[in-house]
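Here are the chains, one letter per residue:
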Amino acid sequence: MTQVSADKAGGENPESATGDRTAIADFGIDTTTVSTAEAVRSYLARVRGGEIGSLPALLGLVVLIVLFSSLSNVFFSLNNIANLLAQGAGQTIIAMGIVYVLLLGEIDLSAGTASGVAGAVLAMHYVDNGNLLTGMGSTVFYIFNGLLVLAAVLAGLLRVWPGVAISLLGVVLTVVGFHGNPWIEMLLAVCVGVAIGCITGFLIAKIGMPSFVVTLALFLAWQGAILQLIGEGGVLGISSSHVLDSVANGNLSVLWSWVLFVVAAGGYAVITLFGHFRRRAKGLVVQPTLMVLLKVGALVALAAVATAFMSVNRSPSSLIKISGVPYVVPIVLVLLVIGTYVLNRTTYGRHLYATGGNREAARRAGINVVQLRASVFVICSGVAAVGAIVYSSKVGSVDPQAGGLNTLLFAVGAAVIGGTSLFGGKGRVADAVIGGAVLAVVGNGLGLLRQPAAVVSVVTGLVLLLAATVDALSRRRAANTGR
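What this report covers is the structure whose coordinates are included nearby. None of these values were measured; they are calculated from a predicted model.

This model, assessed by the stated rule, comprises 5 salt bridges. Between Glu 360 and Arg 363 there is a salt bridge; the shortest N-O distance is 2.5 Å. On the criterion of helical spacing, the pair formed by Glu 360 and Arg 363 is a turn pair, its members being 3 residues apart in helix 18 (residues 359-364). Taking relative accessible area as the criterion, Arg 363 reaches 48% and is therefore assigned partly exposed. The salt bridge partner of Asp 431 is Arg 428, with a shortest N-O separation of 3.2 Å. Relative accessible area serves as the criterion here: at 3%, Asp 431 is assigned to the buried category. For Arg 428, a relative accessible area of 41% puts it in the partly exposed group.

Have a look at this one:
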């Protein structure tokens, strides 16, 4: 009774105090802060243990920028920087969708030609003023809509409800026959991409066919579909549409460029700092405040400098003014923010990483692995359709080679070079952006140096091989250190 009274009066039970101290010692990582030196040592230990993330790609990007800047006077010109942003945006966007597939240790070899089919339908709808029945011919038109309905049915069997809704929306847009409108055409392209993803996902996740075989077969099938829609040697031009042409070639006004800076950089700073101080107030482990402030400050400063440079008139003619951030920048940023949020802040994202790490363990934990595996192909093909809109806008047309072999290889290469593992369970959407930047710099820099296509292909292949080697070695190192 005396002990109980003492406890109620605020006295400390020696045994309870000892237990509390033991708990704190056991779970100290969740209840203590770390110094700057400890944080640096921890990061270096993770790197030595194989957790290198995007570090090689970032270092390689810096080296490439310094190298090409020293070899070419044009590389750092305003015109070239703006062109560089648009040049690699299409394949980078496709790579952002492929990250989801790679996280499960799968592969989608049909993402490039799937984007080509979406681009071909977009261009045909524009050229024929919305009359796809006349443009495709009755047989192809009915087969096309039948595949959209089939995709919706398969998505329903998988319980991937967004796939059902978007595929059926595609049927409505084609059957009703809306007049040519760039916004309708871009929406239709996304519907086609999602429908393709539903078919791919069903064959792989529900039927159980290997993703390599299925997507290789569909790569060939969709390439044939592009030929059927456009015709051998045919080209469907879309450059006469101001909206479609501006997607990859237009720019925000200077005012809206700075609004984008405030929203993007300011939003990142607010969210990062708010999360940091909230965790700190709750006594959870956080990075040193100085390091967080330096990271946020560096990113905001870099964004401000880039926006200031893009706000300068970069037109070679005094009669025309070209200034502002290219439209592709906010498009990529929106996809990056949404993709990062989905992977880091949702149950779906956690299930994705868990399944990629150990599929059987995830299934036993109650995760619907079949639905999850199918959904990543829906996301991949849907995002690939957005990439098709961007690269079609860049070249101003769609031809039978749209989304061909190089498009796919560069997109997969961008994801892997950025740090996404080919073995599943490790990667971020930001990896695709970093890897896309590396490939864009390689292509742009070698082009400025007037190197032939053979040299560009060899160098790009070596960069991809190096990235795959680093991935394999880092996984081996992580396994040896128990990480």
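This part is about a positive patch on the surface. Residues Arg 278, Arg 279, Lys 282 and Arg 345 make up a contiguous surface patch of positive charge. Counting through the fold element by element, Arg 345 comes out in helix 16 (residues 328-345). For Arg 345, a relative accessible area of 60% corresponds to the exposed category.

With that out of the way, let us pick up unusual backbone geometry. Unlike most non-glycine residues, Asn 129 shows phi in positive territory, near 55°. Residue class for Asn 129 comes out partly exposed when judged on its relative accessible area of 42%. In this structure, Arg 450 takes a positive phi of about 60° despite not being glycine. Mapping Arg 450 onto the fold places it in the loop between helix 21 (429-448) and helix 22 (453-481).

Turning our attention to the side chain of Glu 185. Mapped onto the elements, Glu 185 comes out in helix 11 (residues 182-206). Lys 394 provides the closest opposite charge to the buried, salt-bridge-free Glu 185, at an N-O distance of 20 Å. Setting aside anything within four residues of it in sequence, one finds Glu 185 in contact with Leu 122, His 125, Tyr 126, Gly 180 and Leu 244.

Bringing the environment of Leu 409 into the picture now. Its place among the elements puts Leu 409 in helix 20 (residues 405-418). Owing to a relative accessible area of 42%, Leu 409 belongs among the partly exposed residues under this scheme. Expressed as a C-alpha distance, the spacing of Leu 409 and Thr 460, which sit 51 residues apart in the sequence, is 10.0 Å.

Thresholds, definitions, all that
- Residues numbered from 1 in each chain as written.
- Predicted model: local features only at pLDDT ≥ 70, side-chain atom pairs only at ≥ 80, totals over all residues.
- Heavy atoms only, no water.
- Salt bridge = Lys/Arg side-chain N within 4 Å of Asp/Glu carboxyl O.
- Helix = DSSP H or I, 4+ residues; strand = E, 2+ residues; numbered from the N terminus.
- Buried < 20%, exposed > 50% of the residue type's maximum accessible area, 1.4 Å probe, protein only.
- Patch = residues over 30% accessible without salt bridge, like charges linked within 9 Å, V, L, I, M, F, W, Y side chains within 5 Å.
- Areas by Shrake-Rupley, 256 points an atom, 1.4 Å probe, with all protein chains shown as cover.
- Lys, Arg positive; Asp, Glu negative; His and termini not counted.
- Charge placed at Lys NZ, Arg CZ, Asp CG, Glu CD.
- Contact = heavy atoms within 4.5 Å.

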